[in-house]
Amino acid sequence: PSTTAASSTVQMVSGSGAVTDNFLDWRLLGETTLAAAASSIAVSGFATSTFLKVLISLPTPSAETAVTMQFNGDTASNNYYTRLYVNYVQDSINGGGTDEIYFLNSSSTASESFTTMEIQNISTQGKQMNWSATRGLADGAELLTGAGRWDNTTAAITTITLKKPSDNFNAGTKVMVFGSR
């Protein structure tokens with residue numbers, strides 16, 4: 001565009017004075033905050049978007065248990081693949097496929113954590129994703145990184161469900177899903 005105008009797209013002025021659209025413009029698609037402890041938390045019914053950014057805030061848990069993720073209620077085996085690294089050292093791998101993404105292992109949920117996940121969400125392609133998480137330690141923080149894939153090639157993600165198979169998420173757990181414009 002040659003001039004700025006009111007719109008739902010964020011615009012910026014370049015160093016040469018040209019007005020451009022900010023391609024890193026995200027919109028909130030949905031969010032959920034737990035009011036009470038629960039074994040799962042979901043954000044559902046949101047509009048499809050080519051790229052998703054998911055922010056996950058977990059308060060200090062009552063027990064160390066893995067955190068998993070499923071999309072659109074898909075529980076079919078062999079649809080999910082995961083690699084997880086703790087401080088850049090491979091911690092776990094699931095190359096054979098399972099019925100969910102393991103994005104935080106049990107030792108990584110020993111204290112509060114914050115995760116940012118980015119997902120390619122094209123309905124006709126497998127959903128590639130990567131994430132990074134920081135968890136608090138008594139003497140600082142620890143970095144967890146991972147990559148995963150959901151092999152569904154017929155639907156875009158419109159529901160994200162986090163689960164703790166052998167424990168509950170505490171009240172205050174929050175999941176926010178943003179989509180590219």
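Refer to the structure presented above.
Presented here is a report on the structure given in the accompanying data block. This is a predicted model, so every value here is computed, not measured.

Basis of the calculations
- Residues numbered from 1 in each chain as written.
- Predicted model: local features only at pLDDT ≥ 70, side-chain atom pairs only at ≥ 80, totals over all residues.
- Heavy atoms only, no water.
- Helix = DSSP H or I, 4+ residues; strand = E, 2+ residues; numbered from the N terminus.
- Buried < 20%, exposed > 50% of the residue type's maximum accessible area, 1.4 Å probe, protein only.
- Contact = heavy atoms within 4.5 Å.
- Areas by Shrake-Rupley, 256 points an atom, 1.4 Å probe, with all protein chains shown as cover.
- 1 Å grid on protein atoms, 1.4 Å probe; cavity = no way out; pocket = protein on both sides within 12 Å on 5 of 7 lines; lining within 4 Å.
- Points joined across faces, edges and corners; volume = space filled by probe spheres on them.
- Nonpolar A, V, L, I, M, F, W, Y, C, P; charged D, E, K, R; others polar.
- Salt bridge = Lys/Arg side-chain N within 4 Å of Asp/Glu carboxyl O.
- Pairing = 2+ DSSP bridges.
- Axes fitted to C-alpha atoms, helices over the stretch in contact; angles between N-to-C directions.

This part covers the overall build of the chain. Across its full length, the chain holds zero helices and 14 strands. Reading the chain from its N terminus to its C terminus gives the helix and strand order β-β-β-β-β-β-β-β-β-β-β-β-β-β. By the burial criterion, 40% of the 181 residues in the chain qualify as buried. Restricting to contacts in the chain with at least 6 residues of sequence separation, those with at least 24 account for 66%. A total of about 8800 Å² of accessible surface is found on the chain, and carbon and sulfur atoms cover 51% of it.

This next bit is on empty space enclosed by the protein. In this structure the tally under the stated criterion is one cavity of 30 Å³ or more. Taken as a whole, the largest cavity holds about 80 Å³ of empty space. Lining the largest cavity are 12 residues, with Leu 58, Pro 59, Pro 61, Lys 164 and Phe 169 positioned closest to its centre. A breakdown of the residues in the lining of the largest cavity according to their chemical character gives five nonpolar, six polar and one charged.

Time to look at the pattern of salt bridges. Side-chain pairs of opposite charge can arise where the charged atoms are in close proximity. Counted by the stated rule, this structure contains five salt bridges. Among the salt bridges present, the one from Glu 118 reaches Lys 53, with a minimum N-O distance of 3.3 Å. You can see Glu 118 sitting in strand S10 (residues 113-120) and its partner Lys 53 sitting in strand S5 (residues 51-58), a full 65 residues away along the chain. With a relative accessible area of 36%, Glu 118 lands in the partly exposed category. Salt-bridge contacts for Lys 164 lead to Asp 167; the nearest nitrogen and oxygen are separated by 3.4 Å. Residue class for Asp 167 comes out buried when judged on its relative accessible area of 16%.

Our focus in this paragraph is the environment of Leu 144. Structurally, Leu 144 is set in strand S12 (residues 140-150). Residue classification places Leu 144 among the buried residues on the basis of a relative accessible area of 0%.

Before going further, it helps to examine the sheet that holds strand S13 (residues 159-163). Sheet architecture is open: four strands sit in the order S4-S13-S6-S9, paired in antiparallel fashion. Pairing within the sheet leaves two strands with one partner each, and these edge strands are strand S4 (40-44) and strand S9 (101-104). Averaged over all pairs of adjacent strands, the angle between strand axes in this sheet comes to 25 degrees, irrespective of strand direction. Bridge count between strand S6 (residues 67-71) and S9: three bridges; the pairing is antiparallel.

Nothing here speaks to function; it is all geometry.
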